[in-house]
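So the chains spell out like this:
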Amino acid sequence: MTKRELVIDVAERLGYTQNEVSVVIQGTLDAIVACLSEGQRLEIRNFGVFEVKSRDARIGRNPRTGEEVPISEKKVATFKPGKALKEYVQDPGKLPPPSFSDPVEHLGTASAPSI
Amino acid sequence: MTMTKRELVIRVANTLGMTQSDVAKIIEGAFDTISRTLADGERWELRDFGVFEVKTRASRIGRNPRTGDQVPVPERRVVTFRPGKKMKELIGGEESTEDEPAEASGETPAF
């Protein structure tokens with residue numbers, strides 16, 4: 001799924017315009033990247049933790065030629081899922097009902113109630 | 001330095017000139033949608049940011065490190081994240097995206 005679909009879904013559920021949601025989601029993703037590049041760790045309760053970690057320098061190998069290639073130390077963004085997200089993914093039955101009044105019929109595995 | 005959702009909301013609200021309440025609701029809603037659909041096995045590709053995906057880790061025989069007992073570890077599903085292009089560039093410290101132009105620094109062959 002893509003950012004576009006996320007925007008549509010959130011807009012529909014909350015009653016904001018797609019434009020408003022799009023601006024906030026983009027702004028949030030940009031802010032997360034900015035925080036990480038400033039060296040900050042970001043903890044989104046129930047969702048997870050974004051953090052920058054260093055990967056040590058190592059000797060790599062060109063798989064084609066077998067040649068040894070030095071790889072310098074580098075920083076990478078990592079994500080560690082939080083407690084709730086881990087549980088939901090392991091057992092979707094643990095998902096709480098949507099916290100919004102409108103049912104989101106195209107989400108979740110539960111079959112839509114027949115009207 | 002750990003930033004929380006609250007601080008993220010304030011930062012985004014200030015940047016966009018929107019109320020913290022609106023920004024908080026939308027951010028909350030977005031993470032909620034992502035969590036729910038990941039639980040459902042969906043893959044999320046947020047351009048420039050990264051990809052969230054659920055992977056299945058096979059069951060294996062683990063070992064209690066204290067006693068050395070063998071313990072079966074059942075198959076489980078985990079969320080993985082792979083940073084996207086912009087994220088990699090900004091975090092990795094590679095400020096410029098363009099590859100270093102192989103500049104022959106003043107060493108013009110003497111002819």
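Source: prediction; values computed, not measured.

Draft legend 1. Spotlight on the domain arrangement of chain A. All names here are of chain A. In terms of domains, chain A is made up of domain 1 (1-38) and domain 2 (40-91). Here the C-alpha centre of domain 2 lies 23 Å away from the C-alpha centre of domain 1. With four residues of domain 1 at the interface, the matching set in domain 2 holds six residues. A combined buried area of about 510 Å² lies between domain 1 and domain 2, and 75% of that area is made up of carbon and sulfur atoms. Of all residues in domain 1, I32, C35 and L36 give up the largest surface area on contact with domain 2, accounting jointly for 88% of the area buried on that side. Inspection of the domain 1/domain 2 interface yields zero salt bridges. The interface formed by domain 1 and domain 2 includes one residue pair in polar contact (both at pLDDT 80 or more). In the side of domain 1 that touches domain 2, the residues fall into three nonpolar, no polar and one charged.

Draft legend 2. Spotlight on the packing of helix 3 (residues 83-90) of chain A against helix 2 (residues 20-39) of chain B. Packing of helix 3 of chain A against helix 2 of chain B leaves a shortest axis separation of 7 Å and a crossing angle of 35°. Helix 3 of chain A and helix 2 of chain B meet at a crossing whose hand is right-handed. Two secondary-structure elements touch here, helix 3 of chain A through L85, Y88 and V89 of chain A and helix 2 of chain B through S35, L38 and A39 of chain B. When its residues are assigned to classes, the contact of helix 3 of chain A with helix 2 of chain B shows five nonpolar, one polar and no charged.

Draft legend 3. Summary view of a positive patch on the surface. Residues K53, R55, R58, K74, K80 and K86 of chain A together with K55, R57, R60, R76 and K88 of chain B make up a contiguous surface patch of positive charge. Listing elements by their share of the positive patch, those giving two or more residues are strand 2 (48-55) and strand 5 (74-81) of chain A together with strand 3 (50-57) of chain B. Within the secondary structure layout, K88 of chain B lies in helix 3 (residues 85-91). For K88 of chain B, a relative accessible area of 54% translates into the label exposed.

Scoring rules and cut-offs
- Residues numbered from 1 in each chain as written.
- Chains lettered and ligands numbered in written order.
- Predicted model: local features only at pLDDT ≥ 70, side-chain atom pairs only at ≥ 80, totals over all residues.
- Heavy atoms only, no water.
- Domains from an automatic or database assignment.
- Contact = heavy atoms within 4.5 Å.
- Buried area = accessible area lost by both parts, 1.4 Å probe.
- Salt bridge = Lys/Arg side-chain N within 4 Å of Asp/Glu carboxyl O.
- Polar contact = N/O pair within 3.5 Å; in protein donor to acceptor, adjacent residues only side chain to side chain.
- Nonpolar A, V, L, I, M, F, W, Y, C, P; charged D, E, K, R; others polar.
- Axes fitted to C-alpha atoms, helices over the stretch in contact; angles between N-to-C directions.
- Helix = DSSP H or I, 4+ residues; strand = E, 2+ residues; numbered from the N terminus.
- Left-handed = near helix turned anticlockwise from the far one by under 90°.
- Patch = residues over 30% accessible without salt bridge, like charges linked within 9 Å, V, L, I, M, F, W, Y side chains within 5 Å.
- Areas by Shrake-Rupley, 256 points an atom, 1.4 Å probe, with all protein chains shown as cover.
- Lys, Arg positive; Asp, Glu negative; His and termini not counted.
- Charge placed at Lys NZ, Arg CZ, Asp CG, Glu CD.
- Buried < 20%, exposed > 50% of the residue type's maximum accessible area, 1.4 Å probe, protein only.

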